[in-house]
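Fold and contact review
Spelled out from the first residue to the last, the chains are:
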Amino acid sequence: MNLDAISSSDIILTGDRTTGQLHLGHYVGSLKNRVILQERCKQFLLLADAQALTDNMGNYLKVRDNVLQVALDYLAVGIDPAKSTIFIQSLVPELTELASYYLNLVTVARLERNPTIKDEIKQRGYERDIPAGFLTYPAAQAADITAFKATIVPVGDDQIPMIEQTNEIVRRFNASVDQTVLVEARAVVPEVGARLPGIDGKAKMSKSLGNTITLSASADEIRQAVKMMYTDPNHLRVADPGQVEGNVVFSYLDVFHPDQALVAELKAHYQRGGLGDTVIKRHLEECLQSLLAPIRERREQYARDPAAVLEMLKTGTRRARDVAAATLAEVKTAMGLNYY
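Parameters and conventions
- Residues numbered from 1 in each chain as written.
- Predicted model: local features only at pLDDT ≥ 70, side-chain atom pairs only at ≥ 80, totals over all residues.
- Heavy atoms only, no water.
- Helix = DSSP H or I, 4+ residues; strand = E, 2+ residues; numbered from the N terminus.
- Rg over C-alpha atoms; globule rule 2.2 N^0.38 Å.
- Buried < 20%, exposed > 50% of the residue type's maximum accessible area, 1.4 Å probe, protein only.
- Contact = heavy atoms within 4.5 Å.
- Areas by Shrake-Rupley, 256 points an atom, 1.4 Å probe, with all protein chains shown as cover.
- Domains from an automatic or database assignment.
- Buried area = accessible area lost by both parts, 1.4 Å probe.
- Axes fitted to C-alpha atoms, helices over the stretch in contact; angles between N-to-C directions.
- Parallel < 35°, antiparallel > 145°, perpendicular 65-115°, else oblique.
- Left-handed = near helix turned anticlockwise from the far one by under 90°.
- Phe/Tyr/Trp six-rings, centres within 6.5 Å; stacked < 30°, edge-to-face > 60°.
- Nonpolar A, V, L, I, M, F, W, Y, C, P; charged D, E, K, R; others polar.
- Pairing = 2+ DSSP bridges.
- Core = buried A, V, L, I, M, F, W, Y, C linked by side-chain atoms within 4.5 Å.
- Arc of directions from axis to C-beta.

This part is about the overall build of the protein chain. Each helix and strand counted, the protein chain has 14 helices and five strands in total. Its C-alpha atoms give the protein chain a radius of gyration of 22 Å, within 12% of the compact-globule value 20 Å for 340 residues. Once the C-alpha set of the protein chain is aligned to its principal axes, its extents read approximately 80 × 45 × 40 Å. Out of the 340 residues in the protein chain, the part that is buried amounts to 51%. Here the contacts in the protein chain between residues at least 6 apart in sequence split such that 78% fall between residues at least 24 apart. Carbon and sulfur atoms form 52% of the exposed surface of the protein chain, whose accessible area is close to 16,200 Å².

Now the structure itself:
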């Protein structure tokens, strides 16, 4: 993500589904940048519990309970609720009303053609048994973005079609009322997060795949995760030349190790032979332990007072509702729904 392309006048809308604790992929892909950007511009962070329910209605307790867990992760990495508005999606009903109007501006066929939705329907094996809430999620996301007049939405490559569809809805709405009420948003893709592999090397790091290192991982959990990491299956002896490409340990060293000159030396040594997997894993474990220890400690400190965290969420949600309500009022006035 090119942070220099984001100015103080920009408004950012981003967030996370509340289906589990956040992990290293979230940290390098978004959380780290959010801490920087909160000093520069206005930022709204969405705890997307309503969106999570579109494919977790049968496990709603998981969604509810992880609202607090994700909030703790936010605080632990340094997100400041005085600088970033952290709010609970389901407690801002204005978003639902906006989505209901936007659904009149998009067809079922267009929703089904959305590449992100198509891929996720296939991944979940829905075929034609698609929950309506899941299919219409692009309209709900458009409501999330436009309610706060967001100009920047950080997303992975796979989510760009969602922002494109949001902007289609914005253009259609503005055209239908013959005035500019809503603003278009720009998708900004992080450089690393979406491509950080899971520790198994088979896919990107994902809560649903269980191949993650969470931000709250204990020292032992970090150690075990690094031990399990995929390296080069053909590197059977220390003396053998090893492969760096596709080697998860080196992928993580590239991202997390503070001394990239040392990483370059390790790569060269590994490729010519004479460097064992245990050595490179030891370097990785040391830097991950150093990174995650203070985050874990801060998280534990906040977790001791969940009532204070919930009060923070209450304040942020109230602030978010005020902004969303103002946008909704503009939308309804433009549509002539201001009857009295």
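Turning our eyes to something else, we now look at the domain arrangement of the protein chain. Looking at the protein chain, the domain boundaries give domain 1 (3-195 + 306-335) and domain 2 (217-300). For domain 1 versus domain 2, the distance between C-alpha centres works out to 34 Å. Contacts between domain 1 and domain 2 engage ten residues on the former and nine residues on the latter. Between domain 1 and domain 2, a total of about 830 Å² is buried, with carbon and sulfur atoms accounting for 70% of that surface. Contact with domain 2 buries area across many residues of domain 1, yet Leu24, Tyr27 and Ala76 alone supply 57% of it, more than any other trio.

Bringing the packing of helix 4 (residues 93-102) against helix 14 (residues 306-334) into the picture now. It is the contact of helix 4 with helix 14, at a shortest axis distance of 9 Å, that shows an interaxial angle of 30 degrees. Relative to helix 14, the element helix 4 is oriented roughly parallel. When the axes of helix 4 and helix 14 are compared, the crossing they make is left-handed. Contact residues: Pro93, Glu94, Leu95, Glu97, Leu98, Tyr101 and Tyr102 in helix 4; Arg321, Ala324, Ala325, Leu328, Val331 and Lys332 in helix 14.

In the structure shown here, the tally under the stated rule is five aromatic pairs. Centroid distance Tyr126 to Phe134: 5.4 Å. Interplanar angle 75 degrees. Geometry classified as edge-to-face. Classification of Tyr126 by relative accessible area gives buried; the value is 15%.

Before going further, it helps to examine the packing of helix 3 (residues 60-77) against helix 14. At a minimum axis separation of 11 Å, helix 3 and helix 14 run at an interaxial angle of 90 degrees. It follows that helix 3 is roughly perpendicular to helix 14 by the angle criterion. Residues Val67, Leu68, Ala71, Leu72 and Leu75 of helix 3 form the contact with helix 14, whose own contacting residues are Pro306, Val309, Met312 and Leu313. A per-class count over the contact of helix 3 with helix 14 returns nine nonpolar, no polar and no charged.

The subject of this paragraph is unusual backbone geometry. Positive phi, normally seen in glycine, also occurs at Lys149, with a value near 50 degrees. The topology assignment puts Lys149 in the loop between helix 8 (137-147) and strand 4 (152-154). Among the residues examined, Lys149 registers a relative accessible area of 21% and is labelled partly exposed. Even without being a glycine, Asp178 presents a positive backbone phi close to 55 degrees.

A few words now on the pairing of strand 3 (residues 84-88). Among the five residues that make up strand 3, five are buried, leaving the element largely enclosed by the rest of the structure. The alternating pattern of strand 3 places Ser84, Ile86 and Ile88 and Thr85 and Phe87 on opposite faces, both of which are buried. As paired elements, strand 2 (residues 42-48) and strand 3 share five bridges and run parallel to each other. Note that in strand 3 the partner of Leu47 across the bridge is Ile88.

Grouped together as the largest cluster of nonpolar side chains are 48 residues, with contacts concentrated most on Leu24, Ile213 and Tyr252. If one sorts the elements of this core by residue count, helix 3 sits on top with eight residues. Among residues more than four places away in sequence, those in contact with Ile213 are His23, Leu24, Ile199, Met205, Ile222, Ala225, Met229, Leu288 and Leu292.

Before going further, it helps to examine the side chain of Gln159. Along the chain, the position of Gln159 falls in the loop between strand 4 and helix 9 (160-177). Filtering out sequence-adjacent residues up to four positions away, Gln159 remains in contact with Thr116, Glu120 and Gln141.

Within the secondary structure, Ala203 sits in the loop between strand 5 (186-188) and helix 10 (219-228). Classification of Ala203 by relative accessible area gives partly exposed; the value is 31%. Those residues in contact with Ala203 that lie beyond four places of it in its chain are Pro197, Gly198, Leu209 and Asn211.

Glancing now at helix 10. Along helix 10, the residues that are buried comprise Ile222, Ala225 and Val226. Looking down the long axis of helix 10, one finds its buried residues gathered within 95 degrees of arc, a one-sided arrangement. Counted as exposed and oriented over 90 degrees from the buried face of helix 10: Asp220, Lys227 and Met228. Next to the buried residues of helix 10 lie helix 13 (277-303).

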